[in-house]
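Residue-level listing of the chains:
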Amino acid sequence: MLGAIWAQSLDGIIGDGSGMPWHLPEDLAHFREITTGHPVIMGRRTWTSLPERFRPLPGRINYVLTTREAGDWSEGARVVGDLPDPTLLPDSPEVWIMGGGQVYAATIDEVDVLEITLVGVQLGEALGDRAVHAPEIPAEFGMVSDTDWLTSERGRLAVGENTGSELPLKYRFLRYERKEAA
Ligand SMILES: NC(=O)c1ccc[n+]([C@@H]2O[C@H](COP(=O)([O-])OP(=O)(O)OC[C@H]3O[C@@H](n4cnc5c(N)ncnc54)[C@H](OP(=O)(O)O)[C@@H]3O)[C@@H](O)[C@H]2O)c1
């Protein structure tokens, strides 16, 4: 099973190019719970956006897609020049694509499952050209679960003020699966 997991604003934004536009501990816990024990695949920019002390992500083989040579920058990761064939990855029936925008867009037609955290903010105006977007969800996917809106206890935005967003942050977890072909 190949899945993709991301958190996005209501207007489909996942990052500002160098990091996530929020700090949402409940989403990080959700991400950890879903991906731990399984290989994760990410683009080089997402790898370098992780704070050094968090990489490689523990309990997961970290594949990093890049056209560059492995080096000090990639210590702890398995550097790959092409998307690894998920069926050839060791010992795991699940593999998770974990960003960023380029890699989600390049793999959305291959994945079977989407785990999406919807964060109740609009960020387009605040981020402008820096915004990195989630891919469009293809019509072949159907939503199979959705929580109610939850309220974060310690979540905060990381894009400065003036987003007009209501705090505390609200979020909900959605799961989509590719519908069986009729
Ligand atoms: N909200 C979320 O859930 C979430 C999750 C992950 C990331 N993000 C955010 O997304 C942003 C980063 O996304 P991004 O779109 O800028 O970059 P990205 O997808 O993380 O990485 C892009 C890089 O991956 C490599 N790459 C991509 N496709 C490749 C291919 N087919 N073959 C070989 N290499 C390939 C290239 O590296 P080289 O240039 O080295 O060749 C490319 O520059 C950050 O703001 C991050 O915080 C958000």
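You'll find the structure just up there.
Because the structure is a prediction, the values reported are computed rather than measured.

Turning next to the overall build of the protein. Within the protein, the secondary structure is distributed over four helices and 13 strands. A compact globule built from 182 residues would reach a C-alpha radius of gyration of about 16 Å, and the protein, at 16 Å, matches this within 12%. Each of the three principal axes of the protein carries a C-alpha extent, and together these read 50 × 45 × 30 Å. Counting only residues that meet the buried cut, the protein has 47% of its 182 residues in that class. In the protein, the share of contacts with a sequence separation of at least 24, taken over all contacts with a separation of at least 6, comes to 72%. In the protein, 16 positive and 28 negative side-chain charges are present, and the distance between their average locations comes to 5 Å.

Contacts to the ligand come from 27 residues, most closely from Ala 7, Arg 44, Thr 46, Thr 66 and Thr 67. Between Met 20 and the ligand, the recorded distance is 3.4 Å, taken from a backbone N or O atom to an oxygen atom. A distance of 3.1 Å separates an oxygen atom of the ligand from a polar side-chain atom of Arg 68. Look at the ligand: alone it shows 930 Å² of surface, and the protein chains cover 85% of it. Mapped onto the shell around the ligand, the elements with two or more residues apiece are strand E1 (2–9), strand E2 (13–15), helix H2 (44–49) and helix H3 (101–107).

Looking now at the packing of aromatic side chains. Applying the stated criterion across every chain, the model contains two aromatic pairs. An angle of 65° between the planes, with centres 5.4 Å apart, marks the rings of Tyr 171 and Phe 173 as edge-to-face. With a relative accessible area of 7%, Tyr 171 lands in the buried category.

The amide bond that connects Arg 55 to the next residue, Pro 56, takes the cis arrangement and shows omega of 0°. In this fold, Pro 56 is placed in the loop between H2 and strand E5 (62–65). Of the consecutive residues Gly 99 and Gly 100, the connecting peptide bond is found in the cis state with omega at -5°. Looking at the element boundaries, Gly 100 is found in the loop between strand E7 (95–97) and H3.

A few words now on the pairing of E1. Of all eight residues in E1, eight are buried, a share of seventy percent or more. Of the two faces of E1, the one lined by Leu 2, Ala 4, Trp 6 and Gln 8 and the one lined by Gly 3, Ile 5, Ala 7 and Ser 9 are each fully buried. As paired elements, E1 and E7 share three bridges and run parallel to each other. Paired with Ala 4 across the bridge in E7 is Ile 97.

Of all hydrophobic cores here, the largest spans 21 residues; its most connected members are Ala 4, Trp 6, Ile 97, Val 111 and Leu 114. For this core, the elements supplying multiple residues, two or more each, are E1, E5, E7, H3, strand E8 (113–119) and strand E13 (170–178). Of all hydrophobic cores here, the second largest spans 14 residues; its members include Ile 13, Trp 22, Leu 24 and Val 119.

Our next topic: helix H1 (residues 25–35). Among the residues of H1, those classed as buried are Pro 25, Asp 27, His 30, Phe 31, Ile 34 and Thr 35. On its buried face, H1 sits against E1, strand E3 (22–23), strand E4 (40–43), E7, E8 and E13. Where H1 terminates, the next one or two residues include Gly 37, which has phi positive at roughly 95°.

Turning to the pattern of salt bridges, a few remarks are in order. What the rule picks out here adds up to five salt bridges. In this structure, Glu 115 and Arg 175 form a salt bridge, with 2.7 Å as the shortest nitrogen-oxygen distance. Taken together, the residues Glu 115 in strand E8 and Arg 175 in strand E13 connect sequence positions 60 residues apart. Among the residues examined, Glu 115 registers a relative accessible area of 7% and is labelled buried. As a salt-bridge pair, Glu 177 and Arg 175 come within 3.0 Å of each other at their nearest N and O atoms. Overall, Glu 177 belongs to the partly exposed group, its relative accessible area being 32%. Residue classification places Arg 175 among the partly exposed positions, given a relative accessible area of 23%. Several salt bridges share partner residues, and in doing so they unite Glu 115, Arg 175 and Glu 177 into one network.

Cut-offs used in this document
- Each chain carries its own residue numbering, running from 1 in the direction its sequence is written.
- With pLDDT at 70 or above as the cut-off, local features in this predicted model cover only qualifying residues; side-chain atom pairs require 80 or more to be listed or tallied, and sums for whole chains, interfaces and linings still use all residues.
- Just so you know, side-chain values use all the structure's heavy atoms and leave hydrogens and water out.
- Going along the chain from the N terminus, every DSSP run of H or I of four or more residues is numbered as a helix, and every run of E of two or more is numbered as a strand.
- This radius of gyration counts C-alpha atoms alone. The globule rule is 2.2 Å times how many residues there are, raised to the power 0.38.
- Buried residues are those whose accessible area, probed at 1.4 Å on protein chains only, stays under 20% of the maximum for their type, while exposed residues exceed 50% and partly exposed ones sit between those limits.
- Contacts are residue-level and defined by heavy atoms, with any inter-residue pair within 4.5 Å sufficient.
- Positive charge is attributed to Lys and Arg, negative charge to Asp and Glu, and no charge count is given to His or to the chain ends.
- Where a charge lies is defined by one atom per residue type, namely NZ (Lys), CZ (Arg), CG (Asp) and CD (Glu).
- The near set for a molecule or strand comprises every residue that places at least one heavy atom within 4 Å of it.
- What qualifies as a polar contact is a pair of N or O atoms within 3.5 Å, subject to a donor-acceptor requirement within protein and to the restriction that residues adjacent in sequence count only when both atoms come from side chains.
- To measure how exposed things are, a 1.4 Å probe is used in the Shrake-Rupley method; for residues, cover is taken only from the protein chains shown.
- Stacked, tilted and edge-to-face pairs are distinguished by plane angle, under 30 degrees for stacked and over 60 for edge-to-face with tilted covering the rest, among Phe, Tyr and Trp rings (Trp via its six-membered ring) whose centres lie within 6.5 Å.
- A pair of strands is considered paired only if DSSP assigns at least 2 bridges between the two.
- In this description, a nonpolar core means a group of buried Ala, Val, Leu, Ile, Met, Phe, Trp, Tyr and Cys residues linked to one another through side-chain atoms lying within 4.5 Å.
- Think of a salt bridge as a Lys or Arg side-chain nitrogen and an Asp or Glu carboxyl oxygen that are within 4 Å of each other.

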